[in-house]
Amino acid sequence: MDLSSINPILLVASIMVSATPILLAAIGEMVVEKAGVLNLGVEGMMITGAVVGFAIAVNTGTPGLGFVAAACAGAVLSLTFAFLTQYLLSNQVATGLGLTLVGLGLSSLIGKPYEGIKSPTLPKLDIPILSDIPVIGPMLLSHDIMVYFSLALVAAVWAFLKYTRAGLILRAVGESADSAHALGYKVVNVRVMAIMFGGACAGLGGAYLSLVRVPQWTEGMTAGAGWIALAIVVFASWRAGRVAVGAYLFGGITVLQLNLQAAGAQVPVALLSASPYLITILVLVIISAKGAHGAPAALGRAFHASN
């Protein structure tokens, strides 16, 4: 095994790219769960965003429009989940699983004409002076705008939940919907907005996969990324900063195993490919064994104003 072939600068830069779609989806799902809703349809919304964003970018030649369309597609798909769970009071787990199946089938249908086509991709930001700094420049300061947007979004969500009145209301709804309703807050409206935000973030994460990380459409290209995003929210104990750590941990393991394969590691390829998922599961088991907490008290519970 030739480890000298692994360039640490390119490794770190690749980790940032690999973590971005997971981070976008996970931070959106965290907000949804903070409002007391469990949406297991992240995978379906991600792959829908991936195919819609790709189709729009290819047809317009503008990847930025692709990201906007992907966010809208994810939000619209999440509205079906919101209607079924918040107005018709359907089971959140079953509805989320159904949403994933719908997203996978819909993306396969829409994406058929686009297989094998390369898409326009986002250019890397060329920040004067900063991008030219040795090591740090190419490692951290020469990425596309969505990498920095995802990190800014984490900071914005953290500040929103901690310091704003709207964030306090959202957290109150997630802890006790009945108490929030008694205080005069529109519980269903708050939850619907949170669900749409989560859907938009999942759509952006999917579009990042098809427009930047792998600038082409491949059926099933999310490959479980939505499920990993769900797991990371639990790993992070519903804290924005820890969500970022979890996403970068998974992204790092994913990139590292690819580099080890290229370096000729004497480990079965199947085991290396499965390692990001195995290590994520291991981390979750360790966190659970230590009694990690932080889940909103009303998570997954249906609410009706007449209750």
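What this report covers is the structure whose coordinates are included nearby. (Residues numbered from 1 in each chain as written. Predicted model: local features only at pLDDT ≥ 70, side-chain atom pairs only at ≥ 80, totals over all residues. Heavy atoms only, no water.)

## Considerations on the overall build of the chain
Our working rule: Put simply, DSSP H or I for four residues or longer makes a helix, DSSP E for two residues or longer makes a strand, and each gets a number counted from the N terminus. Exposed residues in this analysis have more than 50% of their type's maximum accessible area, buried residues have under 20%, and partly exposed residues fall in between, with area computed by a 1.4 Å probe over protein chains only. Two residues form a contact once any of their heavy atoms are found within 4.5 Å. To measure how exposed things are, a 1.4 Å probe is used in the Shrake-Rupley method; for residues, cover is taken only from the protein chains shown.
Broken down by element type, the chain carries twelve helices and zero strands. For the chain, the sequential pattern of α-helices and β-strands runs α-α-α-α-α-α-α-α-α-α-α-α. Within the chain, the fraction of its 307 residues that count as buried is 50%. Of the contacts made within the chain by residues no fewer than 6 positions apart, 77% connect residues no fewer than 24 positions apart. Only carbon and sulfur atoms are counted for the fraction: they give 71% of the accessible area of the chain, which is about 13,800 Å².

## So, the packing of helix α1 (residues 8-34) against helix α6 (residues 145-163)
This is how the line gets drawn: The axes are straight lines fitted to the C-alpha atoms, using for helices just the contacting stretch, and the angles between their N-to-C directions are given from 0 to 180°. Should an angle fall under 35 degrees it is taken as roughly parallel, and over 145 as roughly antiparallel, whereas 65 to 115 is taken as roughly perpendicular and any remaining angle as oblique. Handedness of a crossing follows from how the near helix is turned relative to the far one, being left-handed for an anticlockwise turn of less than a right angle and right-handed for a clockwise one. Residues are grouped as follows: Ala, Val, Leu, Ile, Met, Phe, Trp, Tyr, Cys and Pro are nonpolar; Asp, Glu, Lys and Arg are charged; every other residue, Gly included, is polar.
Contact geometry of α1 with α6 gives a least axis separation of 9 Å together with a crossing angle of 25°. When the axis of α1 is compared with that of α6, the two are roughly parallel. Pair α1 / α6 crosses with left-handed handedness. Together, Met-16, Thr-20, Leu-23, Leu-24, Ile-27, Met-30, Val-31 and Lys-34 of α1 and Met-146, Val-147, Phe-149, Ser-150, Leu-151, Leu-153, Val-154, Val-157 and Leu-161 of α6 make up the contact between the two elements. Residue classes in the contact of α1 with α6 are distributed as 14 nonpolar, two polar and one charged.

## A word on the packing of aromatic side chains
How two aromatic rings sit relative to each other is set out by the distance from centre to centre and by the angle between their planes. Test applied: Any two of the Phe, Tyr and Trp rings considered here, Trp counted by its six-membered ring, make a pair once their centres fall within 6.5 Å; the pair's planes then place it as stacked at under 30 degrees, edge-to-face at over 60, or tilted in between.
This structure, assessed with the given rule, holds three aromatic pairs. Their ring planes at 85° and their centres at 6.2 Å tell us that Phe-54 and Tyr-114 sit as a pair that is edge-to-face. Of this pair, Phe-54 sits in helix α2 (residues 42-60) while Tyr-114 sits in the loop between α4 (92-111) and α5 (136-140), and the two are 60 residues apart along the sequence. In this structure, Phe-54 and Tyr-114 share a single accessibility class: buried.

## A closer look at the side chain of Thr-222
Looking at the secondary structure, you find Thr-222 in the loop between α9 (187-213) and α10 (225-235). Contacts of Thr-222, omitting those with residues within four sequence positions, involve Glu-43, Met-46, Ile-47 and Leu-209.

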